[in-house]
Each structure stands twice: as structure tokens, then as C-alpha cells.
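# Architecture and fold: a report
Here is what each chain is made of, one letter per residue.
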Amino acid sequence: AVMGHVDHGKTTLLDAIRGAQVAKGEAGGITQHISAYQIVHNKRAITFLDTPGHEAFAAIREHGAHLTDIAVVVVAADDGIKPQTLEAIRFARKANARIIVAINKIDKEGANTDRVKQQLSENNLLVEEWGGDTVTVEVSAKTKQGVDNLLDMILLVSDVEDFRAEVDGTAVGLVIEAHVEQGRGPIANALIEEGTLKAGQFVVAGTTYAKVRTLQSTDGKPLKEAGPSTPVVITGFKSLPEFGDEFSVVTDEKLARQQTERAAIQKKTSGTGDMTSSELIRIINRNNKVSEFNIIIRADVQGSLTSVIDSLKALDTDEVAVRIVSSGVGNLTDNDIHTASTANAIIYGFNVTAPTSVKRLASRDKVSMRLYNVIYELIDDVKNELSSRLAPEVVEKDMGRLVVRAVFKTTKSEIICGGEVTKGKLVVPALARVTRDDTVLAEVEITNLKRGPQDVKEVQEGEMCGLSFHTDARLEIQEGDRIELFTRETISRTLA
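Okay, so let's go over this structure. Just so it is clear, the model here is predicted, and its values are computed rather than measured. (Residues numbered from 1 in each chain as written. Predicted model: local features only at pLDDT ≥ 70, side-chain atom pairs only at ≥ 80, totals over all residues. Heavy atoms only, no water.)

This next bit is on the nonpolar core. With 25 residues, the main nonpolar core has Leu13, Ile17, Phe48, Val72, Ile100, Leu150 and Ile154 as its most contacted residues. Secondary-structure elements contributing two or more residues to this core are helix H1 (10-18), strand S2 (35-41), strand S3 (44-50), strand S4 (70-76), strand S5 (98-104), strand S6 (135-138) and helix H5 (147-161). The dominant element in this core, judged by the number of residues it contributes, is H5, at seven residues. When neighbours within four sequence positions are excluded, Val72 is seen to be in contact with Ala1, Val2, Met3, Ile100, Ala102, Leu150 and Ile154. If you look at the next biggest cluster of nonpolar residues, it comprises 24 residues, including Ile446, Cys465, Leu467 and Ile477. (Core = buried A, V, L, I, M, F, W, Y, C linked by side-chain atoms within 4.5 Å. Buried < 20%, exposed > 50% of the residue type's maximum accessible area, 1.4 Å probe, protein only. Helix = DSSP H or I, 4+ residues; strand = E, 2+ residues; numbered from the N terminus. Contact = heavy atoms within 4.5 Å.)

What follows deals with the side chain of Lys10. Looking at the secondary structure, you find Lys10 in helix H1. There is a polar contact of 3.5 Å between the side chain of Lys10 and the backbone oxygen of Gly4. (Polar contact = N/O pair within 3.5 Å; in protein donor to acceptor, adjacent residues only side chain to side chain.)

Quick look at H1 now. For H1, a buried count of seven out of nine residues is recorded, marking the element as mostly surrounded by other parts of the structure. Of all the positions in H1, only Lys10, Thr11, Leu13, Leu14, Asp15, Ala16 and Ile17 are classed as buried. Of the residues one or two after H1, Gly19 is the one with positive phi, at around 70°.

Attention now moves to the packing of H1 against H5. For the pair H1 and H5, interaxial distance at closest approach is 10 Å and the crossing angle is 90°. When the axes of H1 and H5 are compared, the pair comes out roughly perpendicular. Seen from H1, the contacting residues are Leu13, Ala16 and Ile17; seen from H5, they are Val147, Leu150 and Leu151. Residue composition of the contact of H1 with H5, grouped by class: six nonpolar, no polar and no charged. (Axes fitted to C-alpha atoms, helices over the stretch in contact; angles between N-to-C directions. Parallel < 35°, antiparallel > 145°, perpendicular 65-115°, else oblique. Nonpolar A, V, L, I, M, F, W, Y, C, P; charged D, E, K, R; others polar.)

Below, the discussion takes up the pattern of salt bridges. Scanning the model with the defined rule gives 22 salt bridges in all. When the shortest N-O distance is used, the salt bridge between Arg433 and Glu396 registers 2.7 Å. With Arg433 in strand S21 (residues 430-436) and Glu396 in strand S19 (residues 393-410), this residue pair connects regions lying 37 residues apart in the sequence. When salt bridges that share partners are traced, they join Arg370, Asp381, Glu385 and Arg389 into one network. (Salt bridge = Lys/Arg side-chain N within 4 Å of Asp/Glu carboxyl O.)

Where two cysteines share a covalent bond between their sulfur atoms, that bond is called a disulfide. The final tally for this structure, using the stated rule, is zero disulfides. No disulfide involves Cys417; its sulfur sits 8.4 Å from that of Cys465, the nearest cysteine. (Disulfide = S-S within 2.5 Å.)

The following block contains the structure:
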């Protein structure tokens with residue numbers, strides 16, 4: 001698996017290995033799907049997984065680490081180790097994968113390979129030339145310098161570790177991606193881990209199964225069979241398998257149906273236990289303390305859908321939370337519009353489209369559809385929506401204080417008094433608290449200031465003045481009471 005921080009050159013490096021141009025075709029220039037393909041080097045096949053670097057795709061990256069024998073961690077020589085680099089190293093260690101570090105962009109201005117090696121050693125990855133066992137290879141994905149050396153090292157580490165798999169017997173493996181294709185139905189991209197998969201066999205993956213209608217390589221070539229470490233495209237599933245589902249071959253359809261029914265029951269009964277802390281907080285605070293934002297999510301493939309949902313759940317606080325009304329893979333449908341209208345939800349689409357008929361229905365029912373091709377733009381939109389639901393922060397600012405020396409007039413709704421400004425300055429209009437000793441008698445609104453016979457807008461500390469204020473309270477003001485003026489404003493808040 002090729003892993004590392006966003007924009008450190010993972011996909012460009014794979015392009016150099018594969019001789020393809022994928023990165024330019026990705027929205028925003030970042031990899032947003034996990035993809036797998038095989039190349040042949042020195043007459044030996046190597047299977048590569050390209051994993052997204054953006055933080056929103058943590059689920060996919062962890063998935064990639066568990067599928068792999070060797071993790072190639074790409075670090076840009078001019079940028080050094082970054083948060084997702086450390087995360088990739090952590091995932092690789094958790095999955096017991098051997099780590100090779102590809103120090104990329106060595107031809108770029110500011111490249112400093114020694115600094116990268118120093119940072120690696122600070123994170124318990126001591127490079128071979130400094131007496132450790134971490135293999136590092138200096139490369140330039142742009143010029144292809146060092147690429148052959150990297151492939152040689154991958155094969156060498158594989159030989160030293162003696163990675164092997166059973167070729168004979170029924171196939172088992174993992175679903176690395178799944179989507180629906182018009183005319184072909186549910187399609188799974190899978191990686192075979194053990195055994196050999198053949199066209200026509202029955203395959204069970206989680207709560208669904210397939211009679212393998214077609215078996216293809218990831219570049220679309222038909223296959224009769226595929227052995228360990230081969231990435232394949234499988235058609236024939238009854239419904240969409242889940243991203244990360246293990247698959248295995250069974251003898252016949254009856255057994256396949258029994259296993260999927262059993263898995264569905266198990267999922268239903270265990271589903272209530274898989275509650276995140278944010279969901280628990282939301283249930284505890286259901287009595288209107290949490291403002292919920294209803295959304296519907298559609299994504300092009302299962303892996304992206306998982307990543308979007310995980311990223312949005314991470315935004316939840318004890319004040320605002322995302323409530324996913326429904327989610328699914330594939331383009332928007334009329335049913336999404338009906339559901340959104342009923343639930344007062346906004347529809348978010350990632351790498352999907354809305355047919356003209358769906359757009360017309362959304363316009364008629366006044367349903368908001370927001371379609372994105374770059375995940376962090378979608379997340380930012382939801383973050384803004386949640387921020388708008390946060391209660392504003394109330395900020396009070398002290399202005400000045402007057403000590404009452406005389407009371408001139410008292411009516412049911414107005415009091416006029418005079419005194420000395422002992423602190424700050426008085427400005428109208430303003431709010432004020434009338435206090436006696438340490439007790440607040442009332443909160444009032446100052447409407448007028450007078451210095452002598454003249455109306456003024458402000459009075460400075462040390463000056464005498466008169467003031468009038470409105471009050472609804474039955475207030476008997478006395479000499480010696482304090483009137484403390486302040487302003488109060490609300491400030492919009494944003495999610496951290």
C-alpha cells in the first residue's frame with residue numbers, strides 16, 4: 001500500500017510506476033478512492049494499493065494498511081513528516097506491515113533528505129544507513145529517478161520476509177471498493193488474499209452474495225481465474241457489498257443465501273451496540289439541547305460513503321450534531337427528494353450526479369441538493385451549516401458607573417436621577433444594572449444623559465450628570481445606589 005500525507009506525491013509516484021496519468025483526473029488533485037492494480041517488474045508481479053492522503057479518508061487508509069504486506073510511506077523531501085505521515089506509520093504498524101519509506105521530490109528546491117531521516121528516527125524508524133532496519137529509497141516521481149530502485153527494494157523485502165499465500169483451495173479476500181454501474185448492477189473491487197477465484201463460483205461478502213458473472217483485472221481485461229494478491233473486479237452481486245467486507249467462496253447458492261441471511265440477522269441484532277460517544281451524547285441531550293442538522297448522503301462508491309459519514313460524525317458536539325436520515329451509493333433518485341422533503345433534510349452528493357427529472361422534483365419540493373467532487377469542500381459546507389446552528393456567544397462590556405446623589409422624578413415607567421461618574425464613562429443608549437450594596441435591584445435601559453440643562457451623548461469620569469431610564473420593575477431608587485452601564489452583543493460562533 002502506498003500511503004502518506006496529502007500532496008506528498010503518492011499518486012504521482014504510482015503513475016510513474018504504472019505509466020498512467022491518474023492524479024490529473026482526480027478532483028482537486030487528490031486521491032479520493034482506494035484503487036488497486038498490478039505491475040510486472042523483473043518478471044514478478046507486484047500489486048499496489050493507492051490510498052487517499054486527505055484526513056477525511058482515515059477509514060480507507062486503515063483499510064489499505066490491513067490489506068498489505070509492505071507499506072510504502074511517501075514523504076516529500078521538501079516538506080518532511082506531517083500528521084497523515086505519522087498516521088500512515090501508525091496504521092502500518094498496527095497491521096504488522098513492513099515499512100519502506102520513499103523520500104520523494106528529491107529534485108525539488110528545499111529538499112532535505114537528512115532532515116526526513118532525522119524525523120523518522122524521532123518516530124522510532126531508524127534508517128538502515130544509521131544502523132536501523134528501516135529501508136529508505138530516494139525518488140523523484142516527476143523524473144522517475146529511483147523508481148526502479150524502489151521496486152527492487154519491494155521485491156527484496158518481500159523475499160527477506162518470505163511472504164507467501166496458499167494458491168490452491170477456495171478463495172478468500174477483502175472488498176476494497178464497491179459501487180453500482182448502470183447496466184452492470186453492483187460491482188465490487190476485491191483483493192484475493194488466499195486461494196484462487198474462478199468465474200461462475202458463488203461468493204459471500206457480508207450480507208450479500210454473488211454468482212461471479214464476470215471476473216476482470218482492474219484494467220478491464222477478462223480473467224478466468226485469479227490467485228493471491230490479485231486485485232479483481234467482480235460482477236453478479238445481489239446487492240452492494242460493504243466496503244471492508246471479507247469475502248469467501250461457497251459451494252452453492254443455497255449455502256450462500258443461508259450465510260447472508262445469518263449475517264443480516266447478526267448485523268441487525270448487534271447494530272444497537274455500535275454507538276459512538278457523540279451519538280450517546282445526542283440521545284442524552286435529546287430534550288432540545290442538541291440542534292440536529294438532517295442530511296441525506298449519496299456517494300459514488302462504498303469507501304467514499306464510509307469516509308464522508310465518518311468525517312461528518314466527527315463534527316458532532318454536545319450542542320450541534322449531524323443526523324444522517326439516509327445514505328447510499330449511486331446517483332440521486334426521486335426517493336431521495338421525497339425523503340429529504342419529509343425529513344426537512346439537505347441532500348449532499350459526493351462524486352454523483354442528479355438526473356434532470358430529479359432536479360425538477362427537487363426544485364418543485366424546494367429541496368436543497370449540494371453536489372461536490374472534493375471531500376473537504378463537502379465537509380466545510382456541513383461545518384458551516386452546523387456553525388450557523390450554534391447559539392451565539394453573549395459578550396458584555398462594562399462602560400462606566402454612576403453613584404446616585406439625588407432622585408428627581410419617579411413614575412411607573414421612568415426614573416430621573418443625578419450623581420457622580422466614579423468609573424469609566426457613561427454613553428447613551430446603554431443597558432445598566434441598578435445595585436445596592438452587593439444586590440442587583442434591576443436591569444434597565446438608559447435613555448438620556450444631561451450635563452446641567454443640556455442633553456449629552458457621553459459623560460466622563462469625575463463629572464456630575466443626570467440620567468433617565470425606563471424600568472418595568474417597581475424600583476425605589478435611593479441616594480448611594482450605583483448605576484453600572486454596560487453593552488451586550490451577540491457574536492456568531494464557528495465549529496473549531
